[in-house]
Amino acid sequence: MVDLSEETNELMITMIPPWKEDCQLISQNMKKTQIAQHNSTLITFSRPIIAKKVPKLGMEFDTVLEAKDFWKSYGGMMGFDVRQLYANKCKLDNSVSSFRLICAKEGQRRPDKRDHLTKQPLAETRTSCQVRMSLKFARDIKKYVICDLELNHNHILQIPETSHMMPSQRKISEVQALQIDLADEAGIRPKETHELTSLQAGGKDVLGYTKQDQKNYLRSKRKQDLAYGEAGSLLKYSHRQLLNNPSFQYAIQLDNEEKITNIFWADARMVIDYAIFGDVITFDTTYCTNKEIRPLGVFCGFNHHREIVIFGAALLYDESKESFMWLFESFLEAHMQKKPKTIFTDQDPATASALVEKMPETYDGLCVWHIMQNAIRHLGNKLKDGSFILRDFKACMYNSEDQFQFQESWDALLQRYKVEDNSWLKSIYKVKEKWAHCYMKKVCTIGMRSTQLSESFNSDLKDFMRSSLDIIHFLKQFERVVGGKRYKELQAEYNARQKLPRLKMIHSPLLKHAAQSSAAYIVSRTENNQISEYQVAYIVSPQLAQQPSM
């Protein structure tokens, strides 16, 4: 066993920097030093030994923190973990009068009565190491002085390449904590965040913390966010949103035990967007976005660029009629009782029943995509041997010009495939006014026939969310996804001002004017859908034919 204090004088180097500097930036002068003897095998490795970094009896420190930093620096240099054993305080002024800093392997682990039941017990980390540094406060010089010192270890020490893994040498700085918070808010996984910060620092050995330290930091931060419980944290979040913008709207429903069951919210931008674009909306629910596995309901619509806009969202206790009735009532209150002209939903009877009671004037259209999926599910036995039943069903949905043609096509479909007794076809026929094109000619749809807007938004949500998210973290991620949709609207606005649509009808003054004042998508859609009718009117009209071209 080697006494390091005796070897220090032999390992003096000419230029000795202050002990507070980082050990990794000290000298590159290395000497072979015998460190420990373990199981009769002598372990040797290279390590810089700096005289002023080795404690000595009588060494003085101005503060307790300075002494702790010195001991931590010495432990990192030599390769052993450190901790504080005790600190005595003066009864007069509550200042520290004496304390002892030791090797982390001091003492022995207390025996556990459950050890005989443990299949894989934890490895031992204590070896009764006697290495210590005791300090007392000298009132005559007002400094802390080393009064007791032992530097001989009874265990193997860490090599320089592994010293950074010791707990005393690991700490997340304020700058690193800010980077971790920003990456977490951006939806970057902890593993990728740790890899990025390691590359920025120059390697994991100089980063200053491990991947587990980062996980522990995020876990403790989330616990702090939920210090008042999920209900209290939710109210605190809503209050903070109200302070930032008084137009923020939210509603909370409580049960008989005064526990939160349903939550609805809409920020100021959602309220403004609904006032402008809220004539036709879609509503759908999705799961697996939060820790409580509550269904998330989102109200969506189109803006003037045909981009998705959000009008409100809700976390529901269940998908019952009562929950939907409360939700629609809260939605109308948040938007000053303005009801949409048309709303598209899936084939949920609870949603339909709640809409009839809360929005009787609103046209409730069914999502044609969900209808086709249900058709595949319920007519699967008729799809064999090259059957065209789905094609004929879609023809009934889209190609019938009037109600009589629809009825003829529907009767022909039932007879051709012998499905007169199919219960699903009977049920979907009863609500044909909600999905057949011929019944919806006078319905305001702005080209919308499904809840694909909500489905698309839900898909984007699941890219950023997990079922393990707590309520506060869920709301932050929801804000991120909504912010991404709003940025797409800005991109569309930029393109509309930067670029003009290419016109096929180059002699049309009407479309030329529309191209300069309307969104490119609307102009191109109008041109493609109505080009034949407009060309006929343009050619056969005598007045237009006699006018000189502009």
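Residues numbered from 1 in each chain as written. Predicted model: local features only at pLDDT ≥ 70, side-chain atom pairs only at ≥ 80, totals over all residues. Heavy atoms only, no water.

**Remarks on unusual backbone geometry**
So the rule is basically this: Helix and strand definitions follow DSSP, with helices as H or I runs of at least four residues and strands as E runs of at least two, each counted in order from the N terminus.
Even without being a glycine, Ser128 presents a positive backbone phi close to 60°. Relative to the assigned elements, Ser128 resides in the loop between strand S5 (96-103) and strand S6 (132-138). In this structure, Arg306 is a non-glycine residue whose phi angle is positive, near 60°.

**Regarding a positive patch on the surface**
What counts, and what does not: Only residues whose relative accessible area exceeds 30% and that take part in no salt bridge are eligible for patches, with like-charged residues grouped when within 9 Å of each other and nonpolar side chains (Val, Leu, Ile, Met, Phe, Trp, Tyr) grouped when within 5 Å. Reported accessibility uses the Shrake-Rupley method at a 1.4 Å probe radius. Residues are deemed covered only where the shown protein chains occlude them. We define a salt bridge as a side-chain nitrogen of Lys or Arg found within 4 Å of a carboxyl oxygen belonging to Asp or Glu. Counted charges follow a simple rule, with Lys and Arg positive, Asp and Glu negative, and His plus the chain ends left uncounted. Working definition for charges: the position is that of NZ of Lys, CZ of Arg, CG of Asp or CD of Glu.
Taken together, Lys191, Lys211, Lys215, Arg219 and Lys223 make up a surface patch of like positive charges. By residue number, the principal contributor to the positive patch is helix H5 (residues 211-225), which donates four residues. Summarising the element assignment, Lys191 is placed in helix H4 (residues 190-201).

**Notes on the nonpolar core**
Applied cut-off: Grouping buried Ala, Val, Leu, Ile, Met, Phe, Trp, Tyr and Cys residues that are joined through side-chain atoms within 4.5 Å yields what is termed a nonpolar core. Relative accessibility under 20% of the residue-type maximum defines a buried residue, over 50% an exposed one, and the middle range a partly exposed one, all with a 1.4 Å probe and only protein chains included. Working rule for contacts: check all heavy atoms of both residues, and any pair within 4.5 Å makes them a contact.
In this structure, Phe264, Trp265, Phe299, Leu327, Phe331 and Phe457 are the most contacted members of the largest nonpolar core, which totals 57 residues. When residues of this core are assigned to their parent elements, the largest contribution, eight residues, is made by helix H8 (residues 321-334). For Phe457, the residues in contact, after removing those within four places along its chain, are Val298, Cys300, Ile310, Phe478, Val481, Val482 and Lys485.

**Notes on the environment of Phe99**
Its location among the elements puts Phe99 in strand S5. The class of Phe99 is buried, set by a relative accessible area of 1%. Along the chain, Phe99 and Lys136 lie 37 residues apart, while their C-alpha atoms are 6.9 Å from each other. Excluding residues that lie within four positions of it along the chain, Phe99 makes contacts with Val64, Ala67, Tyr86, Ala87, Met133, Ser134, Leu135 and Tyr144.

**Some thoughts on the confidence of the model for the protein chain**
Rules: Note on scores: pLDDT gives the predictor's confidence for each residue, bounded by 0 and 100.
Per-residue confidence for the protein chain gives a mean pLDDT of 79; residues scoring 70 or more make up 79%. When the criterion is pLDDT under 50, residues 530-550 qualifies, and its contacts beyond four places in sequence or with other chains add up to 11 contacts.

**Re the pairing of strand S8 (residues 249-254)**
We count it as follows: Only when DSSP finds a minimum of two bridges between them are two strands counted as paired.
Note that S8 and strand S9 (residues 260-266) share six bridges and pair antiparallel. Note that in S9 the partner of Ala251 across the bridge is Phe264. With antiparallel pairing between neighbouring strands as the criterion, S8 and S9 make up a hairpin whose turn holds five residues, including Glu258 at a positive phi of roughly 60°.

**Structural notes on the sheet that holds strand S4 (residues 82-89)**
Rules: All axes here are fitted lines through C-alpha atoms, helices being fitted over the stretch that makes contact, and every angle between N-to-C directions spans 0 to 180 degrees.
Sheet architecture is open: five strands sit in the order S3-S7-S6-S5-S4, paired in antiparallel fashion. On the outer flanks of this sheet lie strand S3 (60-61) and S4, each paired with one strand and no other. Both S6 and strand S7 (residues 143-150) contribute to a ladder of seven bridges, which runs antiparallel. Paired with Ala138 across the two strands is Lys143, which belongs to S7. In the packing of helix H2 (residues 64-78) onto the sheet, the strands contacted are S3, S4, S5, S6 and S7, and the crossing angle to S5 comes to about 10°.

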